[in-house]
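Letter by letter, the chains look like this.
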Amino acid sequence: MKLRQIVFFSLISLFLFSCTGIKSTGKTEKYVHLFYTDIGAVQYFVKPLDYESNDELEASVDFTFRDTVDSPQVRMMFSVYSEAALSGHSECAVGLNETSLIAAEKVYAEPIKNAYVYRYEAIIEYSDFVEMVRNQAGFIVKLGSLDSKFLPNKKTIKALPHVDKKTITMLETR
């Protein structure tokens, strides 16, 4: 089962990268990787940032978007880590607060070592991404009946100004 998943995700990744015509710029930063695309745009990939909650859950979040429009939508991929299996994990919503929750699609859920990982994808507004980076805002994840507020850990708080400089500031000054 594990080998099938690895092969499946490898083939999907290969297909997606071959279809988008992405060419690496060679500009790999510690927190952000930039790609040039065939359409003259820059694609930003914000490497995974770590968040934690009060109910002992942890999350890892990465973002991807392009600079081709004034207010791009941002692909938010996030993993939630739990020591115990979470019931209702097929239904997930994410947002900056309770009133702005949007549906997140489950990518996979699996046990790892002594824990469980749940991976999701959501398309968020660029303004929400700016809020999370500039104001070091947390986000809410609703998994079934469980509501968790995730806040950036110390390492992520240090990284966010660098992410701002390489992404948001660059887009504002073009």
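The following refers to the structure shown.

Rules used in this analysis
Residues numbered from 1 in each chain as written. Predicted model: local features only at pLDDT ≥ 70, side-chain atom pairs only at ≥ 80, totals over all residues. Heavy atoms only, no water. Patch = residues over 30% accessible without salt bridge, like charges linked within 9 Å, V, L, I, M, F, W, Y side chains within 5 Å. Areas by Shrake-Rupley, 256 points an atom, 1.4 Å probe, with all protein chains shown as cover. Salt bridge = Lys/Arg side-chain N within 4 Å of Asp/Glu carboxyl O. Lys, Arg positive; Asp, Glu negative; His and termini not counted. Charge placed at Lys NZ, Arg CZ, Asp CG, Glu CD. Buried < 20%, exposed > 50% of the residue type's maximum accessible area, 1.4 Å probe, protein only. Helix = DSSP H or I, 4+ residues; strand = E, 2+ residues; numbered from the N terminus. Contact = heavy atoms within 4.5 Å. Axes fitted to C-alpha atoms, helices over the stretch in contact; angles between N-to-C directions. Parallel < 35°, antiparallel > 145°, perpendicular 65-115°, else oblique. Nonpolar A, V, L, I, M, F, W, Y, C, P; charged D, E, K, R; others polar. Arc of directions from axis to C-beta. Bend = angle between axes of the 7 residues up to and from the residue. Polar contact = N/O pair within 3.5 Å; in protein donor to acceptor, adjacent residues only side chain to side chain.

**Some words on a negative patch on the surface**
Together, Asp50, Glu52, Asp55, Glu56, Glu58 and Glu83 give the surface a local cluster of negative charge. We classify Glu52 as partly exposed; its relative accessible area is 43%.

**What to know about the environment of Val94**
Tracing the backbone shows Val94 in strand 6 (residues 92-95). On the accessibility criterion, Val94 (2% relative accessible area) is buried. Separated by 54 residues in sequence, Val94 and Ser148 have C-alpha atoms that sit 9.7 Å apart. Excluding residues that lie within four positions of it along the chain, Val94 makes contacts with Met76, Phe78, Ser100, Leu101, Ile102, Ala104, Ala122, Phe139, Ile140 and Val141.

**Examining the packing of helix 2 (residues 126-134) against helix 3 (residues 154-166)**
At a minimum axis separation of 8 Å, helix 2 and helix 3 run at an interaxial angle of 135°. As judged from the angle between their axes, helix 2 and helix 3 are oblique. Of the residues in helix 3, those in contact with Phe129, Met132, Val133 and Arg134 of helix 2 are Leu160, Val163 and Asp164. Broken down by class, the residue content of the contact of helix 2 with helix 3 amounts to five nonpolar, no polar and two charged.

**A word on helix 2**
Inspection of helix 2 places Tyr126, Phe129, Val130, Met132 and Val133 among the buried residues, and these make up the whole buried set. The arc that holds every buried residue of helix 2, seen down its axis, measures 165°, which confines them to one face. At the exit of helix 2 stands Gln136, carrying a positive phi of roughly 50°.

**Considerations on helix 3**
If you look at helix 3, its biggest bend is around 30°, right at Leu160, and the proline Pro161 turns up within four residues after that. Of the surrounding secondary structure, the elements contacted by the buried residues of helix 3 are strand 2 (32-36), strand 3 (42-53), helix 2, strand 10 (146-152) and helix 4 (168-172). At the N-terminal boundary of helix 3, the capping side chain belongs to Asn153, with an oxygen 3.2 Å from the backbone nitrogen of Lys155.

**Some remarks on the environment of Val117**
Along the chain, the position of Val117 falls in strand 8 (residues 115-125). Measuring from C-alpha to C-alpha, the distance between Val117 and Glu83 comes to 8.9 Å, with 34 residues separating the pair along the chain. Residues in contact with Val117, not counting those within four places in the same chain, are Ser79, Val80, Tyr81, Tyr108, Ala109, Glu110 and Ile112.

Remember, this is a structural readout, not a statement about activity or role.
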